[in-house]
Amino acid sequence: MNRPTLYHVATLGCKLNQFDSAVMEADLAALGMSPTADPAAARVVVINTCTVTSAADAQSRQLIRKLRRANPHCTLLVTGCYAQRDPKALEAIAGVDAVLGLSGQKGLKQLVVKLVPETPEQPACLESADDPLPLFSDQTRAFLKIQEGCDLRCSYCVIPSVRGASRSVDPETVLRKVALLAESGFQEIVFTGVNTGDYGKDLTPATTLAALLRSASEITSVGRLRLNSVEPRCVTEELVETLQSSPRLAPHLQIPLQSGSDEVLGRMRRPYRTGLYRQALETLRGKIPEVGLGADVIVGFPGETQEEFRQSYEFIASSQLNYLHVFSFTPRPGTPAADAADPVRGDVIRKRSAELRALGGHLSHRFRTSFLGRDLEVLGLRECLPDGRVRALSGNFIEMALQARPQDCMNRLVRARITEVTPARVSAVPC
Ligand code: SF4
């Protein structure tokens with residue numbers, strides 16, 4: 001029997017990139033290739049890069065060099081947002097065989113057939129040549145792209161110039177893929193996009209994210225649906241009521257804040273102020289008491305004074321937020337904020353980031369502790385911790401160590417009781 005041709009896809013960055021990688025994995029599987037977790041064993045290595053910060057650029061370059069060193073003979077392809085933004089920089093790295101921008105990902109199969117002689121020239125189709133079902137080879141949670149691009153122009157953000165204007169996947173396609181993913185065994189499907197709250201505005205007839213969620217949650221084979229991230233101005237009454245009324249929708253939202261200072265939000269060109277943001281959180285908490293609420297925050301935006309940082313810190317500390325993703329500002333070429341004359345010093349950014357991360361840890365611990373002794377529905381992930389317990393995730397985004405046999409809970413939704421909460425870990429037992 002012929003040995004399968006192996007591929008390895010390495011992904012950096014956001015859940016949208018994870019979705020794009022899963023689509024590329026499906027393309028490679030449709031060529032008769034098999035995945036491997038070991039990049040050194042792969043015939044084809046694909047690196048899906050991120051460019052959201054200069055640190056992400058550096059990480060992408062490092063990963064390319066590392067995987068090329070690990071596997072000098074593979075065909076090494078680079079794609080993703082960095083590849084879209086600056087393909088020449090990546091082509092210049094020794095050992096890169098080809099660079100594909102985001103739209104170039106559709107041509108991955110043809111490129112692999114051309115570059116790798118042992119792949120069949122007439123690839124078999126998984127679903128259809130242009131529309132593969134994403135393949136998540138080692139996960140229990142599937143990410144499904146429902147929207148792409150963004151119509152906003154936040155002054156620090158390179159994403160609209162990389163991913164273009166907001167476009168929605170039509171509801172029939174989304175619902176068909178939800179059903180297929182559920183039938184193929186995924187217990188949790190995460191809707192992703194650059195700006196998912198704008199879902200449906202560009203369609204004819206126009207529709208809304210809440211309407212899509214209602215239709216998807218009526219598919220009975222679906223275990224749990226989760227939204228990835230929603231802009232504060234998109235937390236509408238309709239969306240909150242939809243989240244409240246369907247047990248299949250995870251009680252969880254990540255709502256980018258970026259700063260808790262109105263002056264900084266203005267300079268960032270964010271289309272809301274802290275009053276609207278606080279109102280959105282309070283409405284969600286009032287209607288869905290157990291909801292898990294998270295935020296992205298950028299520290300050290302140009303001109304951020306100590307007073308503005310303090311306002312931001314206090315806004316977050318007094319808010320309903322339960323966890324934070326803290327990012328240090330880095331200028332992205334071509335964005336207005338990159339040319340700002342008043343950058344914040346690196347040591348100041350590091351100190352402020354550490355303060356906010358400590359605050360995020362405190363908020364998270366307080367939230368998790370409030371569930372001590374209570375029962376939650378959790379999904380057992382396909383991963384055991386070093387102590388043999390199973391990693392599990394609740395609907396409201398509490399990660400825990402579940403004391404259960406893997407065969408009883410992996411890729412299953414089960415009820416679990418929280419038995420212990422420490423700053424580092426939540427422990428639970430099935431109930
Ligand atoms: S909302 Fe702002 S930060 Fe988010 S992708 Fe659009 S422009 Fe970038």
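The shown structure was predicted, so the numbers you read here are calculated from the model rather than taken from an experiment.

*Asks:* Which parts of the structure should I look at to understand the sheet that holds strand S15 (residues 390-394)?
*Replies:* Neighbouring strands of a sheet are bound in pairs by backbone hydrogen bonds; such pairs are parallel or else antiparallel. An order of S14-S15-S16-S18-S17 is seen for the 5 strands of this closed barrel, with the pairing classed as mixed. Between one strand and the next, the sheet's axes are offset by a mean angle of 55°, whatever the strand orientation. Pairing of strand S14 (residues 375-384) with strand S17 (residues 413-421) involves 5 bridges; the strand directions are antiparallel. Counterpart to Val378 in the pairing with S17 is Val414.

*Asks:* Is there a simple way to think about the site of the ligand in this case?
*Replies:* Residues in contact with the ligand, as listed here, are Cys150, Leu152, Cys154, Tyr156, Cys157, Pro160, Val194, Glu231 and Arg270. Looking at the shell around the ligand residue by residue, the classes come out as 7 nonpolar, no polar and 2 charged.

*Asks:* What exactly am I supposed to notice about the pairing of strand S6 (residues 141-145) here?
*Replies:* Both faces of the sheet carry side chains from a regular strand, because those side chains alternate between them. Burial runs high along S6: 5 of the 5 residues are buried. What you see with S6 is no split at all: Arg141, Phe143 and Lys145 on one side and Ala142 and Leu144 on the other are buried throughout. As judged from the 5 bridges shared by S6 and strand S9 (residues 188-192), these two strands associate in the parallel manner. Counterpart to Ala142 in the pairing with S9 is Ile189.

*Asks:* Where do I start with the packing of helix H12 (residues 306-317) against helix H13 (residues 346-369) in this structure?
*Replies:* A pair of packed helices is captured by two measures, namely the crossing angle of their axes and the spacing between those axes. Between H12 and H13, the least distance of the axes is 11 Å, while the angle of their chain directions is 10°. Here H12 lies roughly parallel to H13, going by the angle between them. Contacts from Gln306, Phe309, Arg310, Tyr313, Ile316 and Ala317 in H12 reach Arg352, Glu355, Leu356, Leu359 and Leu363 in H13.

*Asks:* Help me understand the side chain of Thr335 in this model?
*Replies:* Mapped onto the secondary structure, Thr335 falls in the loop between strand S13 (323-328) and H13. With sequence-adjacent residues up to four places away left out, Thr335 is seen in contact with Ser155, Tyr156, Cys157 and Val158.

*Asks:* Would you mind going over the sheet that holds strand S1 (residues 6-11) with me for this structure?
*Replies:* Within the open sheet, the 5 strands sit side by side as S2-S1-S3-S4-S5. Their pairing is parallel. Each edge of the sheet is formed by a strand with only one pairing partner; in this case those strands are strand S2 (34-35) and strand S5 (98-99). Helix H2 (residues 54-70) rests against S1, strand S3 (44-49) and strand S4 (75-80) of the sheet, and its axis sits at about 170° to S3.

*Asks:* Even after reading the chapter, I still don't get the environment of Ser21, so can you show me in this structure?
*Replies:* Within the element layout of this structure, Ser21 appears in helix H1 (residues 15-30). According to the relative accessible area criterion, Ser21 is buried, its value standing at 3%. As for Ser21 and Val297, which are separated by 276 residues in sequence, their C-alpha atoms are 26 Å apart. Residues within four places of Ser21 in sequence aside, it is in contact with Val9, Thr11 and Asn48.

*Asks:* Help me understand the side chain of Arg368 in this model?
*Replies:* As for its position among the elements, Arg368 is in helix H13. For the buried Arg368, no salt bridge is present, and the opposite-charge side chain at shortest range is Glu399, 8.8 Å distant.

*Asks:* Would you explain the domain arrangement of the chain in this entry?
*Replies:* Buried accessible area, meaning the area lost when the parts come together, often serves as the stated size of an interface. Domains assigned within the chain are domain 1 (6-115), domain 2 (139-250), domain 3 (254-369) and domain 4 (375-430). In this structure, domain 3 and domain 4 have C-alpha centres spaced 29 Å apart. Carbon and sulfur atoms supply 65% of the area that domain 3 and domain 4 bury against each other, a total of about 650 Å² over both sides. The interface formed by domain 3 and domain 4 contains 2 residue pairs in polar contact (both at pLDDT 80 or more). Here the element with the most residues in the side of domain 3 that touches domain 4 is H13; it accounts for 4 residues. The class makeup of the residues in the side of domain 3 that touches domain 4 is 3 nonpolar, 3 polar and 2 charged.

*Asks:* What exactly am I supposed to notice about unusual backbone geometry here?
*Replies:* The phi torsion of most residues other than glycine is negative, and most of the peptide bonds are trans. Geometrically, the link from Thr204 to Pro205 is a cis peptide bond, its omega value of -5° lying close to zero. By secondary structure assignment, the location of Pro205 is in the loop between S9 and helix H8 (209-217). Its identity is not glycine, yet Phe397 carries a phi of approximately 70°, on the positive side. What makes Phe397 partly exposed here is its relative accessible area of 28%. A positive phi angle, near 55°, is found at Asn411, a position not held by glycine. Along the chain, Asn411 turns up in the loop between helix H14 (406-409) and S17.

Reading the values: rules and limits
- Per chain, the residues get numbers from 1 upward, laid out in the order the sequence is written.
- Note on the predicted model: pLDDT of at least 70 is required for a residue's local features to be given, and 80 or more for side-chain atom pairs to be given and counted; whole-chain, interface and lining totals, by contrast, use all residues.
- Values shown for side chains rest on all heavy atoms present in the structure; no hydrogens or waters enter the calculation.
- Two strands are counted as paired when DSSP detects at least two bridges linking them.
- Put simply, DSSP H or I for four residues or longer makes a helix, DSSP E for two residues or longer makes a strand, and each gets a number counted from the N terminus.
- Axis definition: a line fit to C-alpha positions, over the contact stretch in the case of helices; interaxial angles, taken between N-to-C directions, run 0 to 180 degrees.
- Nearness is judged by heavy atoms alone; a residue qualifies as near a molecule or strand once a single heavy atom is within 4 Å of it.
- Charged residues are taken to be Asp, Glu, Lys and Arg, nonpolar residues to be Ala, Val, Leu, Ile, Met, Phe, Trp, Tyr, Cys and Pro, and polar residues to be all remaining types, Gly included.
- Note on classification: 1.4 Å probe, protein chains only; a residue is buried when its accessible area is under 20% of the maximum for its type, exposed when over 50%, partly exposed between these limits.
- Roughly parallel means an angle under 35 degrees; roughly antiparallel, over 145; roughly perpendicular, 65 to 115; everything else is oblique.
- In this description, contact between two residues means that some pair of their heavy atoms is separated by no more than 4.5 Å.
- Residues scored as positive are Lys and Arg, those scored as negative are Asp and Glu, and His as well as the terminal groups of each chain are ignored.
- By convention in these notes, a salt bridge is any Lys or Arg side-chain nitrogen within 4 Å of a carboxyl oxygen on Asp or Glu.
- The start and end points of each domain follow an automatic or database-based domain assignment.
- Buried surface area refers to the total accessible area, computed with a probe of radius 1.4 Å, that the two partners give up upon joining, counted for both partners together.
- Here a polar contact is taken to be a pair of N or O atoms separated by no more than 3.5 Å, where protein atoms must pair a possible hydrogen donor with a possible acceptor and residues adjacent in sequence count only if both atoms sit in side chains.

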